[in-house]
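Residue-level listing of the chains:
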Amino acid sequence: MNHTGQPELIRGLGLVQASAIVVGTMIGTAIFLVPATMAAATGSLGLVFAAWLLGGLLSLTGALSYAELAAALPQAGGEYVYLRRAYGPLWGFLYGWMQSLIGKPGSIATIATAFALFLGFFFHRLPEDVLRLPLGGFTFRLTGAQVVALATVVGLTVVNYLGVILGGAVQTVFTILKVAVVAGLVIFGFALGGGNWAHYQNFFAAPKGREALSAFFGIALVESLWAYDGWNNLAMVGGEVREPERNLPRALIYGVAAVGLIYLVVNAVYFYVLPIGRA
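This one's a predicted model, so the numbers in the text were calculated from it and none came from an experiment. (Residues numbered from 1 in each chain as written. Predicted model: local features only at pLDDT ≥ 70, side-chain atom pairs only at ≥ 80, totals over all residues. Heavy atoms only, no water.)

(A) Geometry of the overall build of the protein chain. Within the protein chain one finds 9 helices and 2 strands. In the protein chain, the succession of α and β elements from N to C terminus is α-α-α-α-α-β-β-α-α-α-α. Judged by the C-alpha coordinates and their principal axes, the protein chain covers about 65 × 55 × 35 Å. A buried classification covers 38% of the 279 residues belonging to the protein chain. A sequence separation of at least 24 residues applies to 77% of the contacts in the protein chain between residues at least 6 apart. Surface exposure of the protein chain reaches about 15900 Å², of which carbon and sulfur atoms provide 70%. Averaging the locations of the 14 positively and 11 negatively charged side chains of the protein chain gives two centres separated by 4 Å. (Helix = DSSP H or I, 4+ residues; strand = E, 2+ residues; numbered from the N terminus. Buried < 20%, exposed > 50% of the residue type's maximum accessible area, 1.4 Å probe, protein only. Contact = heavy atoms within 4.5 Å. Areas by Shrake-Rupley, 256 points an atom, 1.4 Å probe, with all protein chains shown as cover. Lys, Arg positive; Asp, Glu negative; His and termini not counted. Charge placed at Lys NZ, Arg CZ, Asp CG, Glu CD.)

Below is the structure:
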């Protein structure tokens, strides 16, 4: 209960947990996929790193804007709260409806499916059917990967149902593990990757000329912004963060800055191991 006697969410997330939400939701598969696309499109190390820097700065400006909004309106709902306050309840309702029925369920399903698919590289029988049920003119099939995806969604839903403090702790642990894996990739890449600093000799060269600049804005920058996506998710749990006027802005700024640094270091090891033409 708040001071007016109205029920409210438990503010159980501190600065560490809030920052973990920002970092954890931003770092995903993109950092392992898009550098090759960016390198192939631009043909220039300098343009690839420029795309990461500019994408990080653009994301940081967005995070700073959200920091102001989150501090002024520290409520659960994020964009729903901001749209409702700015444009009225209709637009807030439409956004909330879209996110509840389409946006977030689709995103959750995609992430859970990707987790199951990647797990299949270690458990090769996972994509096989565990249930085949003839139903009239078609056969209902359920694979092991689908079971894992469903179990992942249900398990994390239960964790969040059990309380924001437990959910924040789980998010923090997963974020630490994710950053540790990326750090291990960087360390082993530089130590054992057999790379060569000569790969950076033509750092500022743009062999494709104007075409490279077009690829920079049309492909590389777009790819980097996709990799930076996710920082806005913290605003959705604004009603569960302690001292929101203080912790929400700090978590957004620290989180985006930390991810930007991680992305730059990861790209540095990629191009240390492989030259631009083979990345």
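(B) Geometry of a nonpolar patch on the surface. A contiguous nonpolar patch, built from Tyr87, Leu90, Trp91, Phe93, Leu94, Trp97, Met98, Leu101 and Ile102 and spanning about 990 Å² of accessible area, is present on the exposed surface. In terms of residue count, the dominant contributor to the nonpolar patch is helix 5 (residues 89–119) (8 residues). One can find Ile102 in helix 5. (Patch = residues over 30% accessible without salt bridge, like charges linked within 9 Å, V, L, I, M, F, W, Y side chains within 5 Å. Salt bridge = Lys/Arg side-chain N within 4 Å of Asp/Glu carboxyl O.)

(C) Quick look at helix 5. Compared with an ideal rise of 1.5 Å per residue, which puts 31 residues at 45 Å, helix 5 spans 43 Å between its outermost C-alpha atoms and is within 8% of the ideal. Of all the bends in helix 5, the largest measures some 50 degrees and sits at Gln99. Among the residues of helix 5, those classed as buried are Gly92, Tyr95, Gly96, Gln99, Ala112 and Ala116. Those residues of helix 5 that are buried are in contact with helix 4 (79–87) and helix 6 (144–161). (Expected span 1.5 Å × (residues − 1). Bend = angle between axes of the 7 residues up to and from the residue.)

(D) Region of interest: the pairing of strand 2 (residues 138–143). Relative to strand 2, strand 1 (residues 129–135) runs antiparallel, the two being bridged by 6 bridges. Looking at strand 2, one finds that Leu135 is bridged to Phe138. (Pairing = 2+ DSSP bridges.)

(E) Just the packing of aromatic side chains, in detail. By the definition in use, this model includes 14 aromatic pairs. An angle of 85 degrees between the planes, with centres 4.8 Å apart, marks the rings of Phe216 and Phe217 as edge-to-face. Residue Phe217 is classed as exposed on the basis of its relative accessible area, which comes to 53%. Taken together, the ring pairs in this structure connect Phe49, Phe190, Trp197, Tyr200, Phe203, Phe271 and Tyr272 into an aromatic cluster. (Phe/Tyr/Trp six-rings, centres within 6.5 Å; stacked < 30°, edge-to-face > 60°.)

(F) Quick look at the pattern of salt bridges. Within this structure, the stated rule accounts for 3 salt bridges. Of the charged contacts, one joins Arg132 and Asp129 as a salt bridge, the two residues approaching to 2.7 Å between their closest N and O atoms. Members of the salt-bridge network, linked through shared partners, are Asp129, Arg132 and Arg141.

(G) Local environment of helix 8 (residues 210–228). With 19 residues, helix 8 extends 26 Å from end C-alpha to end C-alpha; this agrees with the ideal 27 Å at 1.5 Å per step. Taken as a whole, helix 8 carries its principal kink of about 45 degrees at Phe216. Turning to helix 8, its buried residues are Ala212, Ala215, Phe216, Ala220, Leu221, Glu223, Ser224, Ala227 and Tyr228. At its buried positions, helix 8 is contacted by helix 1 (15–26), helix 2 (30–42), helix 3 (45–72) and helix 9 (244–273). Gly230 lies just past helix 8 and shows a positive phi near 120 degrees.

(H) Fine view of the packing of helix 2 against helix 8. Following both chains from N to C, one finds helix 2 and helix 8 inclined at 175 degrees, their axes separated by 9 Å at the closest point. Viewed along their axes, helix 2 and helix 8 adopt a mutual orientation that is roughly antiparallel. In this structure, helix 2 uses Ala30, Val34, Thr37, Met38, Ala41 and Thr42 to contact helix 8, whose residues at the interface are Ala212, Ala215, Phe216, Ile219, Ala220, Glu223, Ser224, Trp226 and Ala227. When the residues that make up the contact of helix 2 with helix 8 are grouped by side-chain class, the tally is 11 nonpolar, 3 polar and 1 charged. (Axes fitted to C-alpha atoms, helices over the stretch in contact; angles between N-to-C directions. Parallel < 35°, antiparallel > 145°, perpendicular 65-115°, else oblique. Nonpolar A, V, L, I, M, F, W, Y, C, P; charged D, E, K, R; others polar.)

(I) Here's a closer look at the side chain of Asn232. Here Asn232 lies in the loop between helix 8 and helix 9. By relative accessible area, Asn232 is classed as buried at 15%. Not counting residues within four places of it along the chain, the set of residues in contact with Asn232 comprises Tyr66 and Glu79.

(J) Unusual backbone geometry, seen in detail. In this model, Glu243 sits at a positive phi of 45 degrees, which is unusual for a non-glycine residue. Secondary-structure assignment places Glu243 in the loop between helix 8 and helix 9.

(K) Summary view of the environment of Ser214. Within the secondary structure, Ser214 sits in helix 8. When its relative accessible area of 53% is taken as the criterion, Ser214 is described as exposed. Once the C-alpha coordinates of Ser214 and Thr42 are considered, the two residues, 172 residues apart in sequence, prove to be 8.3 Å apart.

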